[in-house]
Amino acid sequence: MPALDLGSGSLCAVSRFYITTPIYYVNDAPHIGHAYPTVTADAIARWHRLLGDETMFLTGTDEHGLKIQRAAEANGISPQEQADNTSQRFRDAWDLLDISNDQFIRTTEPRHHTAVQELLTRAKENGFIEKGSYAGYYCVACEAYYNADDLVDGTNCPIHERPAEWFEEDNYFFKLSSLEAELLEWLNSETVFPEGKRNEALGIIKLGLEDVSITRTSIDWGVPVPWDDDHVFYVWYDALINYATAVGFGSDIDEFNLWWPETHHIIGKDILRFHCVYWPAMLIAAGLQPPKQVHVSGFLLVGGKKLSKTGLTQITPADLVEDFGVDGFRYHFLRDVSFGPDSEFSYEQMVSRYNSDLANTLGNLLSRVTTVVHKKCGGVGPAPNPESELAAVAASSYQGAADGWERLQAPVALEATWNLLRETNAYLERNEPWKMEEGSDEVATVMGDALEVLRLTAILASPALTSASDAIWTAIGLDGSAADERLPDAALWGGYPGGLPVIKGTPLFPRLKVPEA
Ligand code: ME8
C-alpha cells in the first residue's frame, strides 16, 4: 500500500490566508490614518479565523532611510533609538486598539537584513540590477524621486507641499523597464482592488517604465548592499521585502512556500506605485511569484487634507478611544469608511454612528432582552424557535456579512449584521414580550429568538467589536469566547441551547452627548 501523502497534495490541505498592513515609518507617532488600515486588516484577519483559515496577520515598522535619520537628528538621538522608541509607540497603539497581529516586523531586525540581501542578490544574479548614476528631485518625507513636471509650482512635493531636494548619486539600478510584459500580465488578472486602482497601475505601466535607482551612498542607515560596501539599499526596496521576510524568506523557505504568494496587501493610495508596480516586479526579478492581491484604500481627510504626522491635523487613536472606547473606535472606522474612496473624518458622525448603532440598536436590544428574561423567564434564557420568522433574516444577514468581509467591504458586512438587529428590535416591538404572561410558552418563544440573535451577533460582529462580542456572549450565559466559534456552522439558526443563566449588566454602550458646533 502506498504511503499516505501528507505534503502539499494532502486531502486535508488547510486553507491559508495571509494579510498585511503597510509598515509604518518611525519618524513620528501613529495617528488615525495609520489606525484605519490596521483596524481594517485586523477585522479581516479575525473574520478568516472565524472561518477556520490558518491566518497570518502582519504589521510592523519601516525604520531605515533619510526620513528616519533626520527625525533622529532633530530629536538628538541615534536612528536606532528613534526606531526603538517610535516602533514601541506603534505597538502600544495597536495593543490599545486590540489589534490581533500574529507578527510585528521591524526592518532593523537581522532576519530582515538577510532576506533583503538574498532577494536582491537573486534579482542581480538574474540580470535585473546594474550600476549607473542618478540625478533628480527627491522628497524626503515620501522617500521618493519626482520628475520636475510632478512638482507643484516647480518646487514642491505634491503630497507634502514642501520643497523637494535636488540629489545626484552613483547607484545601482533595477531594470524595471524590462519587466513591462510580466507586470501587464499580472495586472490583467484579479490582483488590484478596487478596479479604478488597477487601471491606475496599468496606466503607470502604459506610460512607459524607467529603470529605478535602488541604492544610496549618501546615507548609511539602511541594509548594506552585499556586493558593494559603499551602498545601502534605498528604503523602499528594503521595506517592501518585509512581507516576504515575515513568512520565512531568507530564513525558512518551507515556511515561506506555505504562505507565498497567497498574500493580501492592504495599502493606501499614496503607495500604489510601490506595491502594484515595483514590488511585483522585484519578486518576478528574483524568480518569485508576485502577490495575490493588493487592496488600495483612499485617504482619511480632515478639512479636505490628508491626515499626516507632519501636518497640524494630527489626531491620535488614544484621543478617540478616550471618548468612544476601543469598540466604538473600531466600529466607526469599519462601518463608516468605505474601503477605496477618500473619506472625510468627522467627530460628529462618529458620535452619531455610536449612538444609533451601538447605544440604540445593539445596546438597547441586549438590555431589553436581559431585562425581560429576568422579569418573565426567571432569568433563564429559553431556546429559540426552530421555525422562527427571524431564521431567514439571520441567514441572509450571514450571507451579506460573509460577502462583505470577503470583498474587504467592512461597511457592507456590518450593515448586513445590523439589519438582523433592527429586524429583531422590530420583532420585539410587534410582539411586546414585556406585556406577556410570566413563564408562558409565548414569552419563552420570543425571548429564545432574541437570545439566538444576540448569539449570532456576538459572532458576526466580533471582527469589529472585540470586547462587546464577548460581553454579549457572557451576558446570555455562554462559556468561552464568540471569536472561538467556527463559521459557517455557528451561523446556523438554533445554536443557542437555552436553559442558561442570563446576566443583567450595565449598559454596553452608554449614549454619548452630541458635541455642540
Ligand atoms: O508610506 N488616510 O509609511 P507611512 C488613510 N513606510 N491612510 C493613511 C493616512 C491617511 N490620512 N495616513 C497614512 C509608508 N495612511 C511606508 C510604507 S510599506 C512596505 C512601506 C496609511 O507611515 C496609508 O496606507 O507614511 C499609507 O500608505 C500608510 O499609512 C503608510 O504610511
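Before reading further, recall that the structure is shown in the block above.
These figures come from a predicted structure and were not determined experimentally.

Cut-offs applied
- Residues numbered from 1 in each chain as written.
- Predicted model: local features only at pLDDT ≥ 70, side-chain atom pairs only at ≥ 80, totals over all residues.
- Heavy atoms only, no water.
- Near = heavy atom within 4 Å.
- Polar contact = N/O pair within 3.5 Å; in protein donor to acceptor, adjacent residues only side chain to side chain.
- Areas by Shrake-Rupley, 256 points an atom, 1.4 Å probe, with all protein chains shown as cover.
- Helix = DSSP H or I, 4+ residues; strand = E, 2+ residues; numbered from the N terminus.
- Nonpolar A, V, L, I, M, F, W, Y, C, P; charged D, E, K, R; others polar.
- Phe/Tyr/Trp six-rings, centres within 6.5 Å; stacked < 30°, edge-to-face > 60°.
- Buried < 20%, exposed > 50% of the residue type's maximum accessible area, 1.4 Å probe, protein only.
- Pairing = 2+ DSSP bridges.
- Contact = heavy atoms within 4.5 Å.
- Core = buried A, V, L, I, M, F, W, Y, C linked by side-chain atoms within 4.5 Å.
- Domains from an automatic or database assignment.
- 1 Å grid on protein atoms, 1.4 Å probe; cavity = no way out; pocket = protein on both sides within 12 Å on 5 of 7 lines; lining within 4 Å.
- Points joined across faces, edges and corners; volume = space filled by probe spheres on them.
- Patch = residues over 30% accessible without salt bridge, like charges linked within 9 Å, V, L, I, M, F, W, Y side chains within 5 Å.
- Salt bridge = Lys/Arg side-chain N within 4 Å of Asp/Glu carboxyl O.
- Lys, Arg positive; Asp, Glu negative; His and termini not counted.
- Charge placed at Lys NZ, Arg CZ, Asp CG, Glu CD.
- Expected span 1.5 Å × (residues − 1).
- Arc of directions from axis to C-beta.
- Bend = angle between axes of the 7 residues up to and from the residue.

(A) Seen up close, the site of the ligand. Neighbouring residues of the ligand: 25 residues in total, closest Ile23, Asp62, Gly268, Asp270 and Leu300. In the environment of the ligand, a nitrogen atom lies 2.8 Å from a nitrogen or oxygen atom belonging to the backbone of Ile23. Alone, the ligand offers 660 Å² of accessible surface; in the complex the protein occludes 96% of this. Among the elements that make up the shell around the ligand, the one with the highest residue count is helix α1 (residues 32-50) (3 residues). Among the residues making up the shell around the ligand, the classes are represented as 14 nonpolar, 7 polar and 4 charged.

(B) Representation of the packing of aromatic side chains. In the structure shown here, the tally under the stated rule is 28 aromatic pairs. Ring plane angle 65° and centroid distance 6.3 Å describe the contact between Tyr138 and Tyr234, whose orientation is recorded as edge-to-face. Of this pair, Tyr138 sits in strand β5 (residues 129-139) while Tyr234 is found in the loop between β11 (232-233) and α7 (235-239), placing the two residues 96 residues apart along the sequence. Note on accessibility: Tyr138 and Tyr234 belong to one class, buried. The interplanar angle of 65° and the centroid separation of 5.3 Å between the aromatic rings of Phe249 and Phe256 together place this pair among those described as edge-to-face. A residue is classified by how much of its surface remains accessible, and Phe249, at 0% relative accessible area, is buried.

(C) Spatial organisation of the pairing of strand β3 (residues 54-62). The element β3 is extensively covered by neighbouring structure, given that 8 of its 9 residues are classed as buried. Across 5 bridges, strand β1 (residues 16-20) lies against β3 in parallel orientation. In the strand pairing of β3, Tyr18 is matched with Met56. As judged from the 2 bridges shared by strand β2 (residues 24-25) and β3, these two strands associate in the parallel manner. Among the inter-strand pairings, Tyr24 is bridged to a residue of β3, identified as Thr61.

(D) How the structure looks around the side chain of Arg216. The residue Arg216 is located in strand β10 (residues 215-216) in this model. By relative accessible area, which is 5% here, Arg216 ends up buried. In this structure the side chain of Arg216 is engaged in a polar contact, spanning 2.9 Å, whose partner is the side chain of Ser213. Leave out the neighbours within four places in its chain, and Arg216 touches Tyr138, Tyr145, Glu169, Asn171, Asp230, His231, Val232 and Tyr234.

(E) Structural context of the nonpolar core. Phe329, Phe333 and Leu465 are the most contacted members of the largest nonpolar core, which has 93 residues in total. Taken domain by domain, the makeup of this core includes at least three residues from each of domain 1 (16-320) and domain 2 (348-501). Ignoring anything within four residues of it in the chain, the contact list for Phe329 reads Ile32, Ala35, Val39, Leu97, Pro317, Leu320, Val321, Phe324 and Met350. Membership of the second largest hydrophobic core comes to 81 residues, among which are Trp186, Trp221, Ile241 and Cys276.

(F) Spotlight on empty space enclosed by the protein. Per the counting criterion, the structure on display carries 2 cavities of 30 Å³ or more. Taken as a whole, the largest cavity holds about 70 Å³ of empty space. Within the lining of the largest cavity, the residues separate by chemical class into 8 nonpolar, 2 polar and 2 charged. Breaking the lining of the second largest cavity down by element, the ones donating at least two residues are α1, α11 (317-336) and α14 (410-431). In terms of residue class, the lining of the second largest cavity is made up of 8 nonpolar, 1 polar and no charged.

(G) Main features of a negative patch on the surface. The grouping of Glu437, Glu438, Asp441 and Glu442 at the surface amounts to a negative patch. Within the secondary structure layout, Asp441 lies in helix α15 (residues 441-460).

(H) Quick look at helix α6 (residues 195-206). For α6, which comprises 12 residues, the first-to-last C-alpha distance of 16 Å matches the rise-based estimate of 16 Å (1.5 Å per residue) to within 8%. Among the residues of α6, those classed as buried are Lys197, Arg198, Ala201, Leu202, Ile204 and Ile205. Down the axis, α6 shows its buried residues gathered within 155° of arc, on one side only. Following α6 by one or two positions, Gly208 adopts a phi angle in the positive range, close to 105°.

(I) Structural context of the sheet that holds strand β6 (residues 144-146). Strand order in the open sheet formed by 4 strands is β6-β5-β7-β9, and the pairing between neighbours is antiparallel. Edge positions in the sheet fall to β6 and β9 (212-213), since each of these pairs with one other strand and no more. Across 10 bridges, β5 lies against strand β7 (residues 165-174) in antiparallel orientation. Counterpart to Ile129 in the pairing with β7 is Phe174.

(J) The environment of Ile159, seen in detail. By secondary structure assignment, the location of Ile159 is in the loop between β6 and β7. According to the relative accessible area criterion, Ile159 is partly exposed, its value standing at 35%. The spatial distance from the C-alpha of Ile159 to the C-alpha of Cys142 is 8.0 Å, given a sequence separation of 17 residues.

(K) Region of interest: α11. When the terminal C-alpha atoms of α11 are compared, their 16 Å separation across 20 residues is substantially less than the 28 Å that a helix rising 1.5 Å per residue should span. Of all the bends in α11, the greatest measures close to 110° and is centred on Phe324. Of all 20 residues making up α11, 15 are buried, and the element is well covered by its neighbours.

(L) Just unusual backbone geometry, in detail. The linkage connecting Phe193 with the following residue, Pro194, adopts the cis geometry, with an omega of -10°. Inspection of the secondary structure puts Pro194 in the loop between β8 (192-193) and α6. Backbone torsion omega between Trp260 and Pro261 reads 5°, so that peptide bond is classified as cis. Inspection of the secondary structure puts Pro261 in the loop between α9 (253-259) and β12 (263-268). With phi around 55°, Asp153 is a residue other than glycine that occupies positive phi space. As for its position among the elements, Asp153 is in the loop between β6 and β7. By relative accessible area, which is 70% here, Asp153 ends up exposed.

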